[in-house]
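Chain by chain, the residues run as shown.
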Amino acid sequence: MSVNDVIMDALVENKVDFVTTVPCKQLAGVIEKIDEAPDIYHIPANREDEGMGLCAGAYLGGKRPAIIMQNTAIGVTINSLATLIQFYRMPLPMLISYRGEVGEPVACQVEMAVHTKALLNQLSIPTYHFHKPDDADELTDILSYCYMSKKPVAVLMDATFWKGA
Amino acid sequence: MIRSDVLKTLIPLISDQLLVTNIGLPSQEMHLLDDQPSNFYMLGTMGLASSIGLGLALAQEKKVIALDGDGSVLMNFGTLPTIANNVASNFILLIIDNGSYGSTGDQPTYSGMKTSLSDVARACGCDHVVECQAEDAFDTVKSALDGDQMTIIVCKCESGNIKVPVIDMDPVVIKDRFMKVVQS
């Protein structure tokens, strides 16, 4: 089974019904599936901090939101994570395309990759790194954990993982 | 009229509505003038009131008013195309446009100069954009609440602030009581 399908199944099993996305090449397949999913409201955002605002509002309205983004967005969302998602105690699964890891063709992507885990660690955000396609099997439990704990949770999915797409 | 005068005139209309109030003085003034569990006070995260309001409006059926400011909309311009293309008929974005960053000392914003937020909202594809003067805020918000159409209101008023205390409520309490109103 493609990792895109495994990710989709985990979202459906967790009744995720509101997903905001800023695209990445690696995420194209899963974003397409989300857009087609009948029970998920897909709302593309122009920037990831805007997307976190949308997710916060949807959560206040009773939805189970998630954000799909690239790791470069950690740079633009730190304030939103700290002062909105964490301060008010809201769950937010972040499914993150982990650019700049082994297999990366674009040198500039490495510059944020080297800071990604350190920034997430500094923010005390539970972080999971999917490297092999089978790692996606854990996503269902990670999503449950996120909604249970009412915290942002990061899932970093690198280039080797996406070979399973 | 300054922002707090506008808010005072609006209280009879918006007191029992779901409000997402912008960081700084808009939240503090609403907290002082008419604290309600239906007010979601933003204590930080400048720029995201309209995004939170839209997400909330799309998620459920009650009317939602995002009480925003010109500086915050300027900070998160990407919100306007998202609003335009994800129409929620229960959503009102009320931008109190005093042409200044009130909470930080009334430094001028570009909306008090050459940039028209109502023109920008229309250019982004928002279908129903109304610009009004502070004196007409009540009638404008009333007709938006009476209607069944997503509305962007740009309410022009004078720059200036009243003295208000900071909000010392716990954010989780703000969230919890707000969500109970949403679910009621």
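Along every chain, residues carry numbers that run from 1 in the direction the sequence is written. Numbering of ligands from 1 and lettering of chains from A proceed in the order in which they are written. Totals for whole chains, interfaces and linings use all residues, but because this is a predicted model, local features are given only for residues with pLDDT of at least 70 and pairs of side-chain atoms are given and counted only at 80 or more.

Visitor: Could you clarify how one ought to interpret the overall build of chain A in this entry?
Guide: Each helix is a run of DSSP H or I of at least 4 residues and each strand a run of E of at least 2, with the numbering of both proceeding from the N terminus. Regarding its fold elements, chain A presents seven helices and six strands. Of the regular secondary structure in chain A, the N- to C-terminal order runs α-β-α-β-α-β-α-β-α-β-α-β-α. Compactness check: chain A gives a C-alpha radius of gyration of 14 Å against a globular reference of 15 Å for 165 residues, within 12% of the reference. Expressed as lengths along the three principal axes of its C-alpha atoms, the size of chain A is roughly 40 × 35 × 25 Å. Any residue whose C-beta has 12 or fewer other C-beta atoms within 10 Å is treated as exposed, any with 20 or more as buried, and any in between as partly exposed, C-beta atoms being built from the backbone. For chain A, with 165 residues in total, the buried portion stands at 50%. By the convention adopted here, residues are in contact when the distance between their C-beta atoms, placed from the backbone, does not exceed 7 Å. In chain A, 78% of the contacts between residues at least 6 apart in sequence involve partners at least 24 apart. Between the two quantities, the radius of gyration covers C-alpha atoms and the globule rule is 2.2 Å times the number of residues to the power 0.38.

Visitor: Explanation requested: the packing of helix 3 (residues 48-60) of chain A against helix 4 (residues 74-86) of chain A in the structure shown.
Guide: To characterise two packed helices, one gives the angle between the axes of the helices and the distance between these axes. All names here are of chain A. Inter-axis angles, ranging from 0 to 180 degrees, are taken between N-to-C directions of lines fitted to C-alpha atoms, where helices are fitted over the stretch in contact. One can describe the packing of helix 3 onto helix 4 by two numbers: an axis separation of 8 Å at closest approach and a directional angle of 20°. With respect to their mutual orientation, helix 3 and helix 4 come out roughly parallel. Crossing of helix 3 over helix 4 shows right-handed handedness. Residues E48, D49, M52, G53 and A56 of helix 3 form the contact with helix 4, whose participating residues are V76, T77, S80, L84 and I85. With respect to orientation, any angle under 35 degrees is reported as roughly parallel, any angle over 145 as roughly antiparallel, any angle of 65 to 115 as roughly perpendicular, and every other angle as oblique. Left-handed describes a crossing whose near helix is turned anticlockwise from the far helix by less than a right angle; the clockwise case is right-handed.

Visitor: What is the right way to look at the environment of C132(B) in this model?
Guide: When you line up the elements, C132(B) lands in strand 7 (residues 129-133). With sequence-adjacent residues up to four places away left out, C132(B) is seen in contact with A137(B), T140(B), I153(B) and C155(B).

Visitor: When you look at the interface of chain B and chain A in this model, what are you seeing that I'm missing?
Guide: How big an interface is tends to be stated in terms of the accessible area lost upon association of its parts. Counting residues at the interface gives 27 residues for chain B and 25 residues for chain A. Looking at the side of chain B that touches chain A, the elements that each hand over two or more residues are helix 3 (49-59), helix 5 (79-85) and helix 8 (171-183) of chain B. Of the residues in the side of chain B that touches chain A, the class split is 14 nonpolar, 12 polar and one charged. Each residue is assigned to one of three groups, with Ala, Val, Leu, Ile, Met, Phe, Trp, Tyr, Cys and Pro labelled nonpolar, Asp, Glu, Lys and Arg labelled charged, and all others, Gly among them, labelled polar.

These figures come from the coordinates and say nothing about function on their own.
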